[in-house]
Amino acid sequence: MKSWKFITYNQLGKQSDVCRECVKVHEDDTHIIGCLCDGLGSPENAQIAAEVATDTVIEMFSTIQSSGDITKNDVRQVKEAVVTAVKTRLKK
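Note that the coordinates shown come from a computational prediction; the quantities given were computed from them, not determined experimentally. (Residues numbered from 1 in each chain as written. Predicted model: local features only at pLDDT ≥ 70, side-chain atom pairs only at ≥ 80, totals over all residues. Heavy atoms only, no water.)

A.B. asks: I'm lost on the state of the cysteines in this one. Help?
C.D. replies: Disulfides are covalent bonds that connect the sulfur atoms of two cysteines. Applying the stated rule across the entire model yields zero disulfides. Distance from the sulfur of Cys-22, which forms no disulfide, to the nearest cysteine sulfur (Cys-37) is 6.8 Å. The class for Cys-22 is buried, based on a relative accessible area of 9%. Note on Cys-35: no disulfide assigned, nearest cysteine sulfur contributed by Cys-37 at a separation of 3.8 Å. Its relative accessible area of 11% is what places Cys-35 among the buried residues. (Disulfide = S-S within 2.5 Å. Buried < 20%, exposed > 50% of the residue type's maximum accessible area, 1.4 Å probe, protein only.)

Next up, the structure:
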């Protein structure tokens, strides 16, 4: 696979000392998966929620990528599974 180059950039808000967004990219021999999650405003630990969501999306899409072509139904099922998994992980 051709090597991709990417840059991520986060900027603190005027009233914050913590970046509450998270961006990650996962690359293997055949796929690139990128995910950006907003920290949902400024609640305490919003950056943790963004990181949990980002990690979950990357993990879940990494596990289905080797199964071949992804249909619209697959995407809908994965979306529902991701939302459920993120909610579960955030509660922990």
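Next comes the rest of the write-up.
A.B. asks: Which parts of the structure should I look at to understand the pattern of salt bridges?
C.D. replies: A side chain of one charge can pair with a side chain of the opposite charge when the charged atoms of the two come close. As enumerated under the stated definition, the model contains three salt bridges in all. A salt bridge links Lys-24 to Glu-51; the nearest nitrogen and oxygen atoms lie 3.3 Å apart. Note that Lys-24 is positioned in strand 1 (residues 22-27) and Glu-51 in helix 1 (residues 46-64), a separation of 27 residues in sequence. Taken together, the shared-partner salt bridges in this structure form one network comprising Lys-24, Glu-51 and Asp-55. (Salt bridge = Lys/Arg side-chain N within 4 Å of Asp/Glu carboxyl O. Helix = DSSP H or I, 4+ residues; strand = E, 2+ residues; numbered from the N terminus.)

A.B. asks: Looking at this structure, how should I read the nonpolar core?
C.D. replies: Soluble globular proteins tend to bury their nonpolar side chains together. Of all hydrophobic cores here, the largest spans eleven residues; its members are Cys-22, Ile-33, Cys-35, Cys-37, Ala-50, Ala-53, Val-57, Ile-58, Val-78, Val-82 and Val-86. Elements with a contribution of two residues or more to this core: strand 2 (32-37), helix 1 and helix 2 (72-91). Dropping the residues within four chain positions of it, Val-57 is found in contact with Cys-35 and Val-82. (Core = buried A, V, L, I, M, F, W, Y, C linked by side-chain atoms within 4.5 Å. Contact = heavy atoms within 4.5 Å.)

In short, geometric facts, not functional conclusions.
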